[in-house]
Structure formats: C-alpha cells, structure tokens
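Here are the chains, one letter per residue:
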Amino acid sequence: MPEAVIVSTARSPIGRAFKGSLKDMRPDDLSAQMVRAALDKVPELDPRDITDLILGCGLPGGEQGMNMGRIVSVLLGYDFLPGTTVTRYCSSSLQTTRMAFHAIKAGEGDAYISAGVETVSRFIKGNSDAIPGQEITNPVFNDAVERTEALAQGGQKWTDPREDGNLPDAYIAMGQTAENVAQVLGMSREEQDRFAVRSQNLTEQRIAEGFWAREITPVTLADGTQVTADDGPRAGTTYEAVSSLKPVFRPDGTVTAGNACPLNDGAAALVIMSDQKAKDLGLTPLARIISTGVTGLSPEIMGLGPVEAIPQALKHAGMSLGDIDLFEINEAFAVQSLGSAQQLGIDEDKLNVNGGSIAVGHPFGMTGARITATLINSLQWHDKQYGVESMCVGGGMGMAMVIERLS
C-alpha cells in the first residue's frame, strides 16, 4: 500500500481581519498565490499529474462561494485540474489533507494539492445569503446563545430546538462554548491568561530567532507591495496587561480578547503525493502522514474535541502519547487548547512550543494546513521525529493527524 508524503508547504502571513495587511485580498487570489508557491517548490512535478486540488474553507459564501477550489485551478491556468471546496469549519484544510491521504492510500492518485483559506475581512455581513452590507439577524443562532447563557447561569436543561421547527443549534457562539469548557474543567481566568501570555512570548522569541519566517511565503498585493510577516503577534505581552482585559462573552466570564485568537485572513497549501511518486521524481519528502482521526462531541463543549480525536489518531497509528515528540493543538481559546492538553496528560514542554494561534491568528479554513506547515517546521527546528496536530471544530468535533518527519 502506498504511503502519503508531504513534499512542500506554503503559507501566507496571517492578517488581522478588517484592518490588517490582507484585508483587500480576495480569497481565491490569495489561495492561488499559495498553491503556486507550493508547486514552485517542486518543479519536478508536472501539474498534469495532479489528480485534484482540494481547498478547505470554513465559511464558503460570498467571495468564498462558487467552489473556490475550481476557481483557483482556473486562475493558475490549469483548466485540466479539477478542484473542489470542502468545509469542516476550523479543520477544513486538515480535512482536505485527510482526503488526499486516503485517496493516495487507496491508489486513486499519486499527487494532490491540499489547501485552505479564510478571509474574514471580506465576509458578507450577517449570514452568507445576505445582500452585501446588509445586516441579517439569525433567530436560530440568537436562540442558541440565549440557551447557552441560561445553562451557564443556572444549569437548566437543554431543549431540542427542532421541537419548534428550527435547526439544531450546533453552531453556538464559539466564545460561549469556551466559557462552558472553563466551567466544566474548573479552569481559572489566571490559568487561561498565563497560557495566552506564554503563546505571545514564545511567538515573539521564535520570531527573533527566525523560526516563523522559515514557513511564511510573502503575499504580493495588487499594488505590488509584499506582506512578509504575521500581523497578530504582540511583542512585550505581559500577564498584567492581559489580566486587565474584560470578559467578552459573559459579564462574569473568563474568556477575553487576550486569551482567545483574533479574527484573521490567510491561506496555505501543501503538495501531497505517494512515496513512490516522490521517489520517481527524485524528491526528499518533508514528512509522512501516518494517520488521522475525527470525532464528535456535544456542541456546547466543542473546545474539548482534541481529547478524543488525538487518541483515535494515535490508535490508528499504533502509537501512544509517549511516542509523540511535539503537539500542535490549535489555540482557538486558551481554555480549550490548554484544557485538552491537560485532560490528555500532555506535557506543556511538548505543546505549541513556538507559540500558537492566540498570537499568530486563526483563519478558519487555512488553519489545518498552516498548522501542518508549522508542525513540520517545528520538528525540523527542534530535531524531533513524530508530531501530532489537532484542533477543536465548531459544531462539536475534534480532528487530529499524526506525522513523521522525513527531512
């Protein structure tokens, strides 16, 4: 059975939504630049040998609608290359990697592009079917928030929203789910803030050492200027500053703008192929995909998704937690990343050792592919062999992947 290997990665700088460096970039244009960059790193690969371009997008609508995966193929001049767009919210571009991995293992192709994008700056206000600029309220979403708050205040029993004809409230406000996780785990505001400061400080340190620059591909804007670094990291972040911020989602809550990821724009791409194809082309792969896993849990505590997803992926790999050198658990919120690690017994010395999304950002559809690039970079930087990437997923899911560094 063929093995699936990653032969190149490319990820854009991550911009702050609405006011950052990528706010004027269309998502398809941004994606095309990253796919082009990933392919440029493997000139030995004939684009006609690529079976599919699989693009992850958390919220495909507006400019992110109309099957961007195919649009990107056409933008690159590859009319012959099919493309598809996939959503699994925060793990959309880990899902695309999983699909490429499975297809290669099944012998249905030798080369795939796995990519991901999110440009929150260019979302249509309200829901995705709205007229641009028109604010739309969502009664199902509002109802979900009200019940989440009721649960937090008094532990009332949840009711099924379908009883009155509405859809299930799988997409509770993410900040509310973080507050729920804090309650379930009994995690203090101080623990969350200190983890957030750790993320910022480690990111600042690694920026100075050159770690983050190694994985970033500059983005060329319409005026010809280039963006070369992430917008988000805040140099000199202190616990005193972060602990002074007010809760965002509940008056008596613990989740703040300082211990959660910001809203962002960004794109990333991977070239994945069979080990035989890489050998035939004379390539030295970066990493081998060993296994993946995806699990579901109550939407109200979606942040704990990695607690089940990581063991599942490790079981598929025939490995244990002790076999893993480094873990990258997406920092959507400090409480869910740290909380998941604590529940699994993961040593902080192995967790997000270069910083994470609280500092660099979390463009939903991009994050899966970005974390893959970061994990490979980290395994190289720290001279380690095995790594796990994982994340919680809106709607109540967790996803994980185990990789082995090969070069």
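Within an unreviewed UniProt entry, the label attached to the protein reads Acetyl-CoA C-acetyltransferase, and the organism entered is Mumia zhuanghuii. The heading Sequence similarities (unreviewed entry) in the UniProt record of the protein holds the text "Belongs to the thiolase-like superfamily. Thiolase family." Heading Subcellular location (unreviewed entry) of the UniProt record for the protein holds this comment: "Peroxisome".

Participant: Is there a simple way to think about the environment of glutamate 331 in this case?
Facilitator: Residue position: glutamate 331 is located in the loop between β10 (326–329) and α11 (334–344). For glutamate 331, a relative accessible area of 1% corresponds to the buried category. Sequence separation of glutamate 331 and valine 360 is 29 residues, and the distance between their C-alpha atoms is 9.7 Å. When sequence neighbours within four positions are dropped, the list of residues in contact with glutamate 331 reads Phe195, Ser199, Cys261, Gln336, Ser337, Asn352, Gly355, Gly356, Ser357 and Ile358. Looking at glutamate 331, its side chain comes within polar contact range of the main-chain nitrogen of serine 357, at 3.3 Å.

Participant: Can you help me understand the pairing of strand β4 (residues 83–86) in this one?
Facilitator: The side chains of a regular strand alternate, residue by residue, between the two faces of the sheet. Of the strand pairs in this sheet, strand β3 (residues 52–57) and β4 are connected by four bridges, and their pairing is parallel. Its bridge partner lying in β4, leucine 53 is registered against glycine 83. After leaving β3, the chain enters helix α2 (residues 68–75) and then returns to the sheet as β4, a path that is right-handed.

Participant: Whenever I open this one, the packing of helix α6 (residues 189–209) against α11 confuses me. Can you help?
Facilitator: Helix packing for two helices is described by the angle between their axes and how far apart those axes are. Where α6 contacts α11, the axes come no closer than 9 Å and their chain directions differ by 95°. Relative to α11, the element α6 lies roughly perpendicular. Note on element contacts: α11 touches α6 through Ala334, Val335, Ser337, Leu338 and Gln342, opposite Glu191, Gln192, Phe195 and Ala196. Here the contact of α6 with α11 is built from residues that sort into five nonpolar, three polar and one charged.

Rules used in this analysis
- Each chain has its residues counted from 1, following the order in which its sequence is written.
- Per-residue local features are limited, in this predicted model, to residues with pLDDT of at least 70; the limit for side-chain atom pairs, both in listing and counting, is 80 or more; totals at the level of whole chains, interfaces and linings are taken over all residues.
- As a rule here, side-chain values cover all heavy atoms of the structure and leave hydrogens and water aside.
- UniProt positions are given in the numbering used here, feature names are shortened, and annotations may be inferred rather than shown by experiment.
- For the purposes of this entry, the term helix denotes a DSSP run of H or I that reaches at least four residues, the term strand denotes a run of E that reaches at least two, and both are numbered from the N terminus.
- For the exposure calls, accessible area comes from a 1.4 Å probe over protein chains only, and a residue counts as buried if that area is under 20% of its type's maximum, exposed if over 50%, partly exposed in between.
- Pairs of residues are marked as contacts when any of their non-hydrogen atoms sit within 4.5 Å.
- By the criterion applied in these results, polar contacts are pairs of N or O atoms within 3.5 Å in which, for protein atoms, one can donate a hydrogen and the other can accept it, and in which residues neighboring in sequence qualify only through two side-chain atoms.
- Strands are treated as partners if at least two bridges between them are detected by DSSP.
- Place the viewer so that the strands point away; then a crossover is right-handed whenever the path from the first strand over the helix to the second strand goes clockwise.
- Interaxial angle, 0 to 180 degrees, is taken between N-to-C directions of lines fitted to C-alpha atoms, where a helix line uses only the stretch in contact.
- Orientation labels follow simple angle bins: below 35 degrees gives roughly parallel, above 145 gives roughly antiparallel, 65 to 115 gives roughly perpendicular, and whatever is left gives oblique.
- Each residue is assigned to one of three groups, with Ala, Val, Leu, Ile, Met, Phe, Trp, Tyr, Cys and Pro labelled nonpolar, Asp, Glu, Lys and Arg labelled charged, and all others, Gly among them, labelled polar.

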